[in-house]
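Summary of structural features
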Amino acid sequence: MAQGCVYALVALGFVLIYKATETVNFAQGDLMMLGAFFALTGATVLGLPYWLTIVFALAVMAVVGMLIERIVLRPVLGHPAFTVVMITIGAGYVMRGVVTMIPGWGTETYALATPFADKVMRVGGVVVAEQQLAVIGHTALLCLLLYVFFRFTRVGIAMQASSQNQLAAYYMGIPVRRINMLIWGLSAGIAAMGGILLAPMTFVHSNMGFIGLKAFPAAVVGGFGSVPGAIAGGLIIGVAEALAGFYLPEGFKDVAAYVVVLLVLMVKPSGIFGDTATKKV
Amino acid sequence: MRFHFKTAYDQDLRLFRHGGQVFWYGFLAVVLLAAPWWASAYVMSQLHFIAIYSIVGFGLMMLTGFTGQISLGHAAFLAVGAYTEALMQAAGVPFFISIACAALFAALVGVIVGLPALRLKGIYLAIATLAFNVIVEEIITRWHGLTGGNEGKHLKPVEIFGWKLASDAEFYYLCLALTVLCCLACVNLLRSPTGRAFVAIRDSEISAACLGVNLAKYKTMSFAFSAALTGVGGALYAHKIAFISPEQFTLFQSIELITIVILGGIGFLHGAVLGAAFIIVLPQFISIAKDYLPAALAGASGLQATVFGLVLVGFIIFEPLGLYGRWLKIRTWFELFPFYRKGMFRRQKSYMKSERLR
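About the cut-offs
- Residues numbered from 1 in each chain as written.
- Chains lettered and ligands numbered in written order.
- Predicted model: local features only at pLDDT ≥ 70, side-chain atom pairs only at ≥ 80, totals over all residues.
- Helix = DSSP H or I, 4+ residues; strand = E, 2+ residues; numbered from the N terminus.
- Rg over C-alpha atoms; globule rule 2.2 N^0.38 Å.
- Buried ≥ 20, exposed ≤ 12 C-beta atoms within 10 Å, placed from the backbone.
- Contact = placed C-beta atoms within 7 Å.
- Core = buried A, V, L, I, M, F, W, Y, C linked by C-beta atoms within 7 Å.
- Axes fitted to C-alpha atoms, helices over the stretch in contact; angles between N-to-C directions.
- Parallel < 35°, antiparallel > 145°, perpendicular 65-115°, else oblique.
- Left-handed = near helix turned anticlockwise from the far one by under 90°.
- pLDDT = per-residue confidence, 0-100.
- Expected span 1.5 Å × (residues − 1).
- Arc of directions from axis to C-beta.

With that settled, the discussion passes to the overall build of chain B. Along the backbone of chain B there are 17 helices and 4 strands. Its C-alpha radius of gyration of 21 Å places chain B within 12% of the 21 Å reference for a compact globule of 358 residues. Taking the principal axes of its C-alpha atoms as reference, chain B extends roughly 60 × 55 × 50 Å.

The following block contains the structure:
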């Protein structure tokens with residue numbers, strides 16, 4: 001379930017970017033990794049407390065996300081989806097490579113200290129690790145914040161408008177490009193949050209971004225372009241994985257996510273929450 | 001500027017359009033045939049890889065460059081070809097039969113993957129093929145009895161009618177011959193109605209369907225053909241490496257294969273060869289460049305990934321037509337000498353193509 005929440009967060013990042021810019025960001029997992037590394041720096045080098053670490057990582061990653069949009073993606077705006085996918089894959093490679101070059105980060109594995117480590121809580125006789133509860137709690141809080149943001153702030157509403165119809169939004173005087181940039185920042189921030197939450201479970205290392213590849217199925221299962229779908233998809237994948245690891249022979253756990261996504265794609269190609277209309281000529 | 005007028009129907013059928021092409025391709029053929037005399041053992045080994053990757057590049061180019069379908073799972077077809085070849089050789093099947101089986105079996109798998117592709121578009125297809133790749137990799141790892149799992153499989157050198165192709169030169173000629181055959185197959189296919197249907201699907205699915213192209217049939221065919229070529233490439237790859245194991249056929253291999261097509265230039269068969277050569281030579285350049293970089297950078301394990309990513313991003317932004325596109329531009333510049341304009345190859349302003357309906 002906690003694993004599923006992390007998938008959901010990364011998937012949420014995918015979906016936000018996809019909805020707003022029709023770009024599929026294959027570098028989302030790497031953004032997450034970068035976020036975890038910034039959190040690590042915040043906690044160890046700068047010596048910030050846990051809460052400030054989160055804020056620090058989110059802020060830095062938001063800037064990184066905006067920079068990526070401005071430098072890498074703006075020039076290929078409007079090109080075929082495939083081109084854009086490849087460019088994000090390339091950006092992911094660069095991020096993964098650069099991390100190994102920065103002194104103090106490198107290829108080693110680090111642990112991120114959290115205030116919840118190794119404590120357990122008893123809820124009506126069931127033992128739950130506080131760590132996992134924290135993950136679920138953080139995800140819920142973040143979702144609530146996002147909901148409020150999209151519902152009640154000017155920028156949030158502008159983002160919704162531009163994701164529904166960019167041209168119309170542009171005519172209405174919404175600066176679509178700047179909104180796109182902000183969306184990238186937001187989604188990188190969400191990725192960073194995912195990274196921080198994942199850090200206690202898998203430790204921080206330069207290849208932790210591969211989990212992003214599992215968040216893909218999550219986003220697809222929920223239907224690309226649906227925010228509640230991303231959360232639900234993440235949870236479905238997380239639970240399916242846990243069940244497969246428990247009941248099925250070894251090996252099924254790693255592929256469970258992909259089997260689920262293939263099944264969903266075969267049965268309902270647009271995902272569970274996706275809209276199924278066909279293009280009119 | 002060269003004009004060539006068509007004065008006979010025959011001309012449309014000829015493989016080479018004019019004498020210049022005959023000369024240059026002939027020259028290339030002679031240079032390549034003479035490679036064992038001018039190339040060192042190391043260069044020969046690189047040439048093997050270039051030939052093998054070219055075959056895979058052709059396959060991917062047919063699918064991505066000419067049919068417009070995305071595949072992030074071609075390493076899986078490579079794996080199917082490689083393991084088929086390894087198992088058949090172990091069972092004592094002659095090379096020509098086993099490599100045909102590798103192609104056929106990969107094509108069969110391609111059809112299976114192609115089936116969901118009929119309903120999926122763009123990014124969903126990419127993810128379906130990605131999922132397929134991961135599943136195949138896992139199957140290979142777990143099916144210990146058949147594939148040897150993580151311990152992998154060893155292969156003996158190719159043997160044709162009792163003649164062992166043990167030396168570099170002999171294997172090189174085999175790779176070269178198969179590359180040329182595959183290339184001719186692609187060229188011919190593209191001139192046939194099937195190839196035209198592929199291109200029509202790439203340019204617009206809706207118009208293709210309106211013109212009577214059976215989308216389901218041709219997309220599946222494209223997947224099958226592409227997978228078959230990749231299977232042949234996989235079989236040669238297995239012989240070249242002489243040892244195959246699941247970790248050679250991961251998602252990253254797939255991405256590398258896609259990169260061949262993008263760097264070479266999407267939509268040009270030449271591009272597949274150029275891209276393959278580039279991908280093989282790039283690591284050498286990096287290791288040479290390492291000597292000139294500060295130690296902290298040169299020692300980092302991620303250097304190669306960084307350069308790889310930068311090259312990919314740079315190509316997409318600055319040279320979307322790839323290496324072959326760059327060559328076309330240079331050639332046009334000379335052909336038109338004083339009249340070349342900067343924007344000649346710029347794509348038409350593309351308006352946002354939306355998959356949304358509103």
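On to the overall build of chain A, then. In terms of regular secondary structure, chain A is built from 11 helices and 2 strands. Here chain A holds 281 residues, and the buried ones make up 52% of them. Within chain A, residue pairs in contact and separated by at least 24 positions form 71% of the contacts whose partners lie at least 6 positions apart.

The next thing to look at is the nonpolar core. Generally speaking, nonpolar side chains in soluble globular proteins are found buried as a group. Residues Ala11(A), Ala36(A), Met61(A), Val261(A) and Val232(B) are the most contacted members of the largest nonpolar core, which totals 194 residues. For this core, the leading source of residues is helix α8 (residues 176-202) of chain A, giving 16 residues.

Residues and elements named next belong to chain B. At their nearest, the axes of helix α5 (residues 74-90) and helix α12 (residues 215-241) sit 7 Å apart, and the two run at 55° to each other. Considered as vectors, α5 and α12 are oriented oblique to each other. Every pair of crossing elements has a handedness; the one defined by α5 and α12 is right-handed. From α5, His74, Phe77, Leu78, Ala79, Val80, Gly81, Ala82, Glu85 and Ala86 reach across to α12, where they touch Ala227, Thr230, Gly231, Val232, Gly233, Gly234, Ala235, Tyr237 and Ala238.

With that out of the way, let us pick up the confidence of the model for chain A. In this model, chain A carries a mean pLDDT of 76, and residues with pLDDT of at least 70 account for 81%. Residue range residues 277-281 of chain A is modelled with pLDDT below 50. Its contacts to residues more than four positions away, or to other chains, number 3 contacts.

With that out of the way, let us pick up helix α13 (residues 251-264) of chain B. Residue and element names in this part refer to chain B. Over its 14 residues, α13 runs 20 Å from end to end, which matches the ideal 20 Å to within 8%, given 1.5 Å per residue. Buried residues dominate α13, accounting for 10 of its 14 residues. Taken residue by residue, α13 has Ser254, Ile255, Leu257, Ile258, Thr259, Ile260, Val261, Ile262, Leu263 and Gly264 as its buried positions. Taken from the residues just after α13, glycine 265 is the one with a positive phi, measuring 125°.

Attention shifts here to unusual backbone geometry. Look at Ala242(B): it is not a glycine, yet its phi comes out positive at around 65°. By the secondary structure assignment, Ala242(B) is in the loop between α12 and β4 (243-244).

Our next topic: helix α6 (residues 154-164) of chain A. The complete set of buried residues in α6(A) reads Met159(A), Ser162(A) and Ser163(A). The buried residues of α6(A) occupy one face: seen down the axis, they fall within an arc of 100°.

This part takes up the confidence of the model for chain B. Residues and elements named next belong to chain B. In the predicted model, chain B carries a mean pLDDT of 82, and the fraction of residues at 70 or more is 93%. Here helix α15 (residues 295-298) stands out as the element of chain B with the lowest mean pLDDT, 62, in contrast to α12, whose mean of 90 is the highest. Every residue in residues 349-358 is under pLDDT 50, and counting partners more than four places away or in other chains gives 12 contacts. Across the interface, the model reports ipTM at 0.77; the global pTM reads 0.83.

Before going further, it helps to spend a moment on the environment of Ala117(B). Residues and elements named next belong to chain B. Mapped onto the elements of the fold, alanine 117 is located in helix α6 (residues 95-117). In sequence terms alanine 117 and valine 158 are 41 residues apart; their C-alpha atoms lie 35 Å from each other. In contact with alanine 117, other than residues within four places in its own chain, are Gln69, Leu125, Lys219 and Phe223.

Attention now goes to the packing of helix α14 (residues 269-289) of chain B against helix α16 (residues 303-318) of chain B. Residue and element names in this part refer to chain B. It is at 11 Å that the axes of α14 and α16 come closest, and there the two elements cross at 125°. Relative to α16, the element α14 is oriented oblique. Relative to α16, the crossing made by α14 is right-handed. On the side of α14, the interface is formed by Leu282, Pro283 and Ile286, while α16 contributes Leu303, Gln304, Val307 and Val311.

Right, let's talk about the environment of Glu241(A) for a bit. Here Glu241(A) is to be found in helix α10 (residues 227-247). In contact with Glu241(A), other than residues within four places in its own chain, are Gln3(A), Lys253(A), Ala256(A) and Ala257(A).

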